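# Notes for the structure review
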Number of protein chains: 4
Amino acid sequence: MTIAEIEALMDQGFPDWRKALEIAGLGDNDLTLRMPFRKSLLRAGGTISGPAMMMLADTAAYFLTLAQAGPQVASAATANLDIHFLSRPKPVDVIAVATMLRLGHRLAVSTVNLRSDDVVVAHATVTYALPPSKP
Amino acid sequence: MTIAEIEALMDQGFPDWRKALEIAGLGDNDLTLRMPFRKSLLRAGGTISGPAMMMLADTAAYFLTLAQAGPQVASAATANLDIHFLSRPKPVDVIAVATMLRLGHRLAVSTVNLRSDDVVVAHATVTYALPPSKP
Amino acid sequence: MTIAEIEALMDQGFPDWRKALEIAGLGDNDLTLRMPFRKSLLRAGGTISGPAMMMLADTAAYFLTLAQAGPQVASAATANLDIHFLSRPKPVDVIAVATMLRLGHRLAVSTVNLRSDDVVVAHATVTYALPPSKP
Amino acid sequence: MTIAEIEALMDQGFPDWRKALEIAGLGDNDLTLRMPFRKSLLRAGGTISGPAMMMLADTAAYFLTLAQAGPQVASAATANLDIHFLSRPKPVDVIAVATMLRLGHRLAVSTVNLRSDDVVVAHATVTYALPPSKP
């Protein structure tokens, strides 16, 4: 799928998603997703909340899976998400780059690096279980 | 810390938290946190959103860490969260039970089982990095 | 499968496995696997080597998957293993208890607690990908 | 530490390690470790055993941590290892490339890609807990 096609699919199911996220690029094997800074993302201490970063990583992996496997896997569900928080992100945009490690018939495994001000602030590995393909 | 003390600490930093979560019990080595159902938690397909479940697991582990280590670790930050989604939760309350595996000087590791309608729908392992204790 | 059937299956493929491991119990939803102490398991500092503990966790999850899903999944392969080391095991037997979280058609997810001298020294979550069942 | 210094440190503690592993390169932020093929690594089906790959990932992360933090962290212990097996490795050498994500005062987090015949067959994230530095 192209960026425009993923955006259109999301517009149908999650009309508000563009308030939180912005697809910034799609490469041969990666996708870049931006979470623009807004005050509601802040946690005590002036850092970005962990759940917001997990949502960002999960969504970046989902969009990359859609881009590579097509709209027929729109019902794919997260099977596993493992995230390591490396340093506290500053109150600026967070940029996620998801890279596909393996797109199989049943599982799509990707890694996601989250950057804030050019520092990698978190690293996630995300596995999506794909719906069975119809014969 | 007692349930009331954790609630008071949260009221200071996150005035809205009680709209989303409710501490349902505190045992010798576990804490139960309820996420009452509300429509905004739903994802396409009528299931609870994954990021909401990750937030629930992360918070249950945080509260258990506070309960066992005290308010001096209020600035503890998630170092790692690993979550396995087992089956799609129904549109009802989700109940998280966090159990401490090891409370060390530097890391607190706990597991969290998330139940929906008495089925374990997700299992997480959460590591909090504790702030250095003052001498 | 029963303990005896799992043992017989292993004897075929890995004639030496009994030198390292011993199935100590099989319950409705769990399996207990013992790794008897031997000097070759030791690492500098007098503790049991991490890779030996990972092998133990992986094998306990495999045997439990066999017990519940039968010999037709003997070719199941580890898709993911996440292990948290909690404290250094003493130079004694290590006992692994694997508990099934979810046995699906495609994935079997279990947790494994490793105990040394009655202390939980590691906690793992192990996912096996099951071979497609024949129609 | 240089490659020669890491090798010398290992020779002291694990005289046999060179039978299993070979440091193939050390870069600014990464280390390459080779596990030469030998028949004892094989599992049923002609693939390399999972525990051997976990040992390789764990050791590559350890050597990289030594390279960057020095011999004073030789007693560092694995706190967490999360590995995703992507495809079955062929019966050839497995090459691990460990890259440091963050070297902190207390934790060193790195990722490790394992390649077999130029295909990424597994991806791991490994956290080492570092010994407290002396004042």
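All figures in this text were calculated on a predicted structure; none of them were measured in a lab. (Residues numbered from 1 in each chain as written. Chains lettered and ligands numbered in written order. Predicted model: local features only at pLDDT ≥ 70, side-chain atom pairs only at ≥ 80, totals over all residues. Heavy atoms only, no water.)

## Some details on helix α2 (residues 50–69) of chain D
Residues and elements named next belong to chain D. Here α2 is 20 residues long and its end C-alpha atoms lie 28 Å apart, about the 28 Å a rise of 1.5 Å per residue gives. Across the 20 residues that make up α2, a large majority, 18, are buried. Among the residues of α2, the N-terminal cap falls to Ser-49, whose side-chain oxygen and the backbone nitrogen of Ala-52 are separated by 3.2 Å. Positive phi appears at Gly-70, one or two residues downstream of α2, with a value of about 95°. (Helix = DSSP H or I, 4+ residues; strand = E, 2+ residues; numbered from the N terminus. Expected span 1.5 Å × (residues − 1). Buried < 20%, exposed > 50% of the residue type's maximum accessible area, 1.4 Å probe, protein only. Polar contact = N/O pair within 3.5 Å; in protein donor to acceptor, adjacent residues only side chain to side chain.)

## Examining the sheet that holds strand β2 (residues 30–35) of chain A
In space, the 12 strands of this open sheet follow the order β1(A)-β2(A)-β6(A)-β7(A)-β8(A)-β5(A)-β5(B)-β8(B)-β7(B)-β6(B)-β2(B)-β1(B), with antiparallel pairing throughout. Two strands close off the open sheet at either side, each with one partner strand: β1 (22–26) of chain A together with β1 (22–26) of chain B. Going from strand to strand, the sheet's axes swing by 20° on average, the running direction of each strand aside. Inspection of the sheet shows strand β6 (residues 94–103) of chain A paired to strand β7 (residues 107–116) of chain A by 9 bridges, in the antiparallel sense. Residue pairing across strands places A:Met100 opposite A:Ser110, the latter belonging to β7(A). Against the sheet, helix α1 (residues 3–13) of chain A touches β1 and β2 of chain A, its axis set at about 155° to β1(A). Set on the sheet, helix α1 (residues 3–13) of chain B makes contact with β1 and β2 (30–35) of chain B; between it and β1(B) the angle comes to about 155°. (Pairing = 2+ DSSP bridges. Axes fitted to C-alpha atoms, helices over the stretch in contact; angles between N-to-C directions. Contact = heavy atoms within 4.5 Å.)

## A word on the interface of chain B and chain D
Across the contact, 7 residues belong to chain B and 7 residues belong to chain D. Between chain B and chain D, the buried area comes to about 540 Å², and carbon and sulfur atoms account for 47% of it. When residues of chain B are sorted by the area they lose upon contact with chain D, B:Asn80, B:Arg106 and B:Leu107 head the list and together hold 71% of the total. At the junction of chain B and chain D, the tally comes to 2 residue pairs in polar contact (both at pLDDT 80 or more). Of the residues in the side of chain B that touches chain D, the class split is 4 nonpolar, 1 polar and 2 charged. (Buried area = accessible area lost by both parts, 1.4 Å probe. Nonpolar A, V, L, I, M, F, W, Y, C, P; charged D, E, K, R; others polar.)

## Re the nonpolar core
In this structure, C:Leu114 and D:Leu114 are the most contacted members of the largest nonpolar core, which totals 88 residues. Apart from residues no more than four positions distant in its own chain, C:Leu114 is found in contact with C:Met53, C:Leu56, C:Ala57, C:Ile83, C:Val94, C:Ile95, C:Ala96, C:Val119, C:Val120, C:Val121 and C:Ala122. (Core = buried A, V, L, I, M, F, W, Y, C linked by side-chain atoms within 4.5 Å.)

## A few points about the relation of the copies chain B and chain D
If you rotate chain B by 180° and push it 0.0 Å along the axis, it lands on chain D with an RMSD of 0.0 Å. Here the transformation between the copies is reduced to the relation of a two-fold axis. When C-alpha distances to the rotation axis are compared across chain B, the minimum falls at B:Arg106, with a value of 4.1 Å. Of the residues that chain B buries at the interface, 100% are likewise interface residues in chain D, meaning the two copies contact each other through the same surface. (Least-squares fit on C-alpha atoms with pLDDT ≥ 70 in both.)

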